[in-house]
Amino acid sequence: MKMKRPLLITGIAVGALLTLGPFIGMLLTFFGMHRAFQTLERTGMKDPGALSADIGTVLYSTAAGLVALPVGLIVLSLCIVLLVLDHRRMPPPLPQNAPAADNSPTTPK
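Being a predicted model, the structure only gives us computed values, none of them experimental. (Residues numbered from 1 in each chain as written. Predicted model: local features only at pLDDT ≥ 70, side-chain atom pairs only at ≥ 80, totals over all residues. Heavy atoms only, no water.)

Engineer: Can you help me understand the environment of Met 33 in this one?
Structural biologist: The residue Met 33 is located in helix H2 (residues 21-43) in this model. Residues Met 33 and Leu 51 lie 18 residues apart in sequence; the distance between their C-alpha atoms is 9.7 Å. (Helix = DSSP H or I, 4+ residues; strand = E, 2+ residues; numbered from the N terminus.)

Right under this line is the structure:
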């Protein structure tokens, strides 16, 4: 199975970003709870539906962050392994000081 290097490097970048999911989820949880407390301050306990809607949004952002972590780790690990395997299959580089092959026809002097 021949993989393209740019695809593997893109997979590594995407995997690395997905592993940041819990941090992004926690940041969104912070802002969501701030909004929930603002709703609680504004309406009091007169409208518990608005408060529960805000808390529901917070739970979704937390869950999304926690789901992104294992997916990101799987993508990241898989792409790193495939990149290493692809690198091992590449031919060795040519030496820098090797004489160039002269394929031009020789002319007698």
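Engineer: Where do I start with the environment of Leu 69 in this structure?
Structural biologist: For Leu 69, the location among the structural elements is in helix H3 (residues 48-89). In the structure, Leu 69 is positioned 48 residues away from Gly 21 in sequence and 5.7 Å away in space, judged by C-alpha atoms. Among residues more than four places away in sequence, those in contact with Leu 69 are Leu 18, Thr 19 and Pro 22. (Contact = heavy atoms within 4.5 Å.)

Engineer: Please clarify how the packing of aromatic side chains should be interpreted in this entry.
Structural biologist: Pairs of aromatic rings are described using the distance from one ring centre to the other and the angle between the two planes. Under the defined criterion, the tally for this structure stands at one aromatic pair. A ring pair is formed by Phe 30 and Phe 31, whose centres lie 5.4 Å apart and whose planes are at 65°; its orientation type is edge-to-face. (Phe/Tyr/Trp six-rings, centres within 6.5 Å; stacked < 30°, edge-to-face > 60°.)

Engineer: Please clarify how helix H1 (residues 5-18) should be interpreted in this entry.
Structural biologist: An α-helical turn contains 3.6 residues, so a residue and the one three or four places further along point in the same direction. Between its first and last C-alpha atoms H1 spans 20 Å; for 14 residues at 1.5 Å apiece the expected length is 20 Å, and the two agree. Turning to H1, its buried residues number three or more, namely Leu 8, Gly 11 and Gly 15. For H1, the buried positions fall inside an angular range of 55° around the axis, keeping them on one side. Facing away from the buried side of H1 by over 90 degrees, the exposed positions are Pro 6 and Leu 17. In this structure, the buried side of H1 is in contact with H3. (Expected span 1.5 Å × (residues − 1). Buried < 20%, exposed > 50% of the residue type's maximum accessible area, 1.4 Å probe, protein only. Arc of directions from axis to C-beta.)

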